[in-house]
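Next come the chains, spelled out residue by residue.
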Amino acid sequence: MSDLQSHAAALADGVAALHGNNQGESVAVDACCGVADEGFRRGAHELAFAVIRASLHKHGLENDKLCRRYFFLLDTVVKARMSAKKKPEGPPKMLYLREMLGRVPEVLSGQLALLGGVDGVKAGECGVLMKERGVMVIGLSLLEWRLLLEKPSKMEMHLSSGVEEAVVRGLSQSEGMSDAQAEIKLSWNAWALKMCEAEEGTPQLRGKCLLQRTVLLLAQNSFQKAIESSGEVMRIQPANKHAAALNATALHKIGRKKEAASAV
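Each value, and the rule that gives it
- Residues numbered from 1 in each chain as written.
- Predicted model: local features only at pLDDT ≥ 70, side-chain atom pairs only at ≥ 80, totals over all residues.
- Heavy atoms only, no water.
- Axes fitted to C-alpha atoms, helices over the stretch in contact; angles between N-to-C directions.
- Helix = DSSP H or I, 4+ residues; strand = E, 2+ residues; numbered from the N terminus.
- Parallel < 35°, antiparallel > 145°, perpendicular 65-115°, else oblique.
- Left-handed = near helix turned anticlockwise from the far one by under 90°.
- Contact = heavy atoms within 4.5 Å.
- Nonpolar A, V, L, I, M, F, W, Y, C, P; charged D, E, K, R; others polar.
- Salt bridge = Lys/Arg side-chain N within 4 Å of Asp/Glu carboxyl O.
- Buried < 20%, exposed > 50% of the residue type's maximum accessible area, 1.4 Å probe, protein only.
- pLDDT = per-residue confidence, 0-100.
- Pairing = 2+ DSSP bridges.
- Core = buried A, V, L, I, M, F, W, Y, C linked by side-chain atoms within 4.5 Å.
- Phe/Tyr/Trp six-rings, centres within 6.5 Å; stacked < 30°, edge-to-face > 60°.

Comments concerning the packing of helix α10 (residues 203-219) against helix α11 (residues 223-236)
Direction vectors running N to C along α10 and α11 enclose 160°, while the axes themselves pass 8 Å from each other. Regarding the angle of α10 to α11, the classification is roughly antiparallel. With respect to the hand of their crossing, α10 and α11 are arranged in left-handed fashion. On α11, the residues that touch P203, R206, G207, L210, L211, R213, T214, L217 and L218 of α10 are F223, K225, A226, S229, S230, E232, V233 and I236. Among the residues making up the contact of α10 with α11, the classes are represented as nine nonpolar, four polar and four charged.

Below is the structure:
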């Protein structure tokens, strides 16, 4: 049995014991925190976070100890994603809860579903940028989002109600930079596009990312890549006149003038 499976099995036993706890809300919350703390002591931080997340969905936001433990374990898994070499102007690292929760072994996830219900084991649609850590968390439930909105925290956070808002914020970061920061602008665009793809953003949102990428590529004289990028937009949105105009511009720049004339 792997270490992950061993830790999960031990925590699953602890969670299973919670189901018959009828000693009152405060005692039940203490027991939940105790199981999460055991996961933390074992170094299984993602499993510990999964336990406290399910516990939050079971008991709600009224118990301060539970909320503090959630903040602590969220920050713990976020810090594990931090990049020591990240540039201050560059995009954040990503933590997708869908992927993290998908790594929880079934022996534990089954018990967590019994504890916190479906919402306790599946990713939501909300997000938060932990600015100091340089990490964006995607997949918060509405309950978690409410916790981050309503409870005081020392961490500087920017909350997003969904993937679209987070992607648009990333695109606006790129738009606000000077032309001298071309590489950073492209990195923000790539970040937004990757998030859009990972979280199954709408074709319109993906098209918006690709349009911005095309403009940035044209500014760098990367005309062939601009043709490919604008062509991808046109496949998604055949009637997009902006994409057709950018495609024609790129074609004209490399001497394909007949194709450029027929592109618009």
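Thoughts on the pattern of salt bridges
Scanning the entire structure with this criterion turns up 15 salt bridges. Across the pair D37 and R69 runs a salt bridge, and its minimum N-O distance is 2.7 Å. Separated by 32 residues along the polypeptide, D37 in helix α2 (residues 25-41) and R69 in helix α4 (residues 64-79) bring together distant segments of the chain. In this structure, E38 engages R42 in a salt bridge whose closest nitrogen and oxygen atoms are separated by 2.9 Å. Residue classification places R42 among the partly exposed positions, given a relative accessible area of 32%.

Structural notes on the environment of C196
Along the polypeptide, C196 turns up in helix α9 (residues 182-198). Considering only alpha carbons, one finds C196 and S6, 190 residues apart in sequence, at a separation of 35 Å. With near-sequence residues (within four places) excluded, C196 lies in contact with V167, G201, T202, L205, R206 and C209.

Comments concerning the confidence of the model for the protein
Residues at a pLDDT of 70 or more form 95% of the protein, whose mean pLDDT is 88. Per-residue pLDDT, averaged within each element of the protein, yields its smallest value for helix α13 (residues 257-263) (76) and its largest for helix α3 (residues 45-59) (96).

A few points about the pairing of strand β2 (residues 126-130)
With respect to burial, β2 is a largely interior element, five of its five residues being buried. Side chains of β2 alternate between two faces, with C126, V128 and M130 and G127 and L129 buried alike. Turn length for the β2-strand β3 (residues 135-140) hairpin, with the two strands adjacent in sequence and antiparallel, is four residues, and the turn residue G134 shows positive phi of about 70°. Where β2 lies against strand β4 (residues 157-160), four bridges are found, and the strand directions are antiparallel. Considered in β4, the bridge of M130 is made with M157.

Structural notes on the nonpolar core
Residues F49, Y70, L74, L108, V137, L140 and L148 are the most contacted members of the largest nonpolar core, which totals 49 residues. Apart from the residues within four sequence positions on either side, L148 is in contact with Y70, F71, L74, V128, L140, M157 and L159. Of all hydrophobic cores here, the second largest spans 33 residues; its members include L129, I184, L193 and A226.

Some words on the packing of aromatic side chains
Across all of its chains, the model carries four aromatic pairs by this definition. Note on Y70 and F71: the rings are 6.5 Å apart at their centroids and 70° apart in plane angle, and the pair reads as edge-to-face. The same class applies to Y70 and to F71, which are both buried. Between W188 and W191, the ring centres sit 5.3 Å apart and the planes meet at 75°, which makes this aromatic pair edge-to-face. Of this pair, W188 and W191 both sit in helix α9, three residues apart, roughly one helical turn.

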